[in-house]
Amino acid sequence: MPLTVIPIALFALAFLAFNIVLSVRVGRMAELPWWRRGLPALLLCVALAASAGRAWGVTGAAEAVAFPLNVATALLGMYEVGLRRRRCERPGADA
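Calculation criteria
Residues numbered from 1 in each chain as written. Predicted model: local features only at pLDDT ≥ 70, side-chain atom pairs only at ≥ 80, totals over all residues. Heavy atoms only, no water. Salt bridge = Lys/Arg side-chain N within 4 Å of Asp/Glu carboxyl O. Helix = DSSP H or I, 4+ residues; strand = E, 2+ residues; numbered from the N terminus. Buried < 20%, exposed > 50% of the residue type's maximum accessible area, 1.4 Å probe, protein only. Phe/Tyr/Trp six-rings, centres within 6.5 Å; stacked < 30°, edge-to-face > 60°. Expected span 1.5 Å × (residues − 1). Bend = angle between axes of the 7 residues up to and from the residue. Contact = heavy atoms within 4.5 Å.

Caption draft 1: Focus on the pattern of salt bridges. Within the structure shown, the criterion is met by three salt bridges. With its nearest N and O atoms 3.2 Å apart, the salt bridge here joins Glu31 to Arg84. With Glu31 in the loop between helix H1 (5–27) and helix H2 (34–52) and Arg84 in helix H3 (residues 59–89), the pair connects residues that are 53 residues apart, well separated along the chain. On the basis of relative accessible area, Arg84 is assigned to the partly exposed category, the value being 33%. The salt bridge involving Arg87 is made with Glu31; its shortest N-O contact spans 3.6 Å. Within this pair, whereas Arg87 is found in helix H3, its partner Glu31 is found in the loop between H1 and H2, the two being separated by 56 residues in sequence. Overall, Arg87 belongs to the partly exposed group, its relative accessible area being 29%.

Pasting the structure below:
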């Protein structure tokens, strides 16, 4: 195994942990409708299922779907967290 695989694997694990943390944070936002709270977790689960498909030889779905869904999970989670942060920082806004 070449040594260049180790930093890539570490980045992938860190990105997965980041997505999980964002999904949990968005899932705990009670002021959001249920479908907006669950969307990042749903996208993450579909991406993980597509990635797990590689074990059964279904590489096409993993190559086409997994990475874009992981990126969409991160972007959607950061958007929701940022939107909440901006909403709470407004003068006169209730926390």
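Caption draft 2: Region of interest: the packing of aromatic side chains. Scanning all chains against the criterion turns up one aromatic pair. Taking 6.0 Å as the distance between ring centres and 15 degrees as the angle between the ring planes, the aromatic pair formed by Phe11 and Phe15 counts as stacked. Of this pair, Phe11 and Phe15 both sit in helix H1, separated by four residues, roughly a single helical turn. Relative accessible area serves as the criterion here: at 58%, Phe11 is assigned to the exposed category. When its relative accessible area of 21% is taken as the criterion, Phe15 is described as partly exposed.

Caption draft 3: Seen up close, H3. In a regular helix each residue adds 1.5 Å, so 31 residues correspond to 45 Å; H3 covers 45 Å between its end C-alpha atoms and thus fits that length. At Val65, H3 shows its strongest bend, of approximately 30 degrees, with the proline Pro68 following within four residues. Residues of H3 that are buried make contact with H1 and H2.

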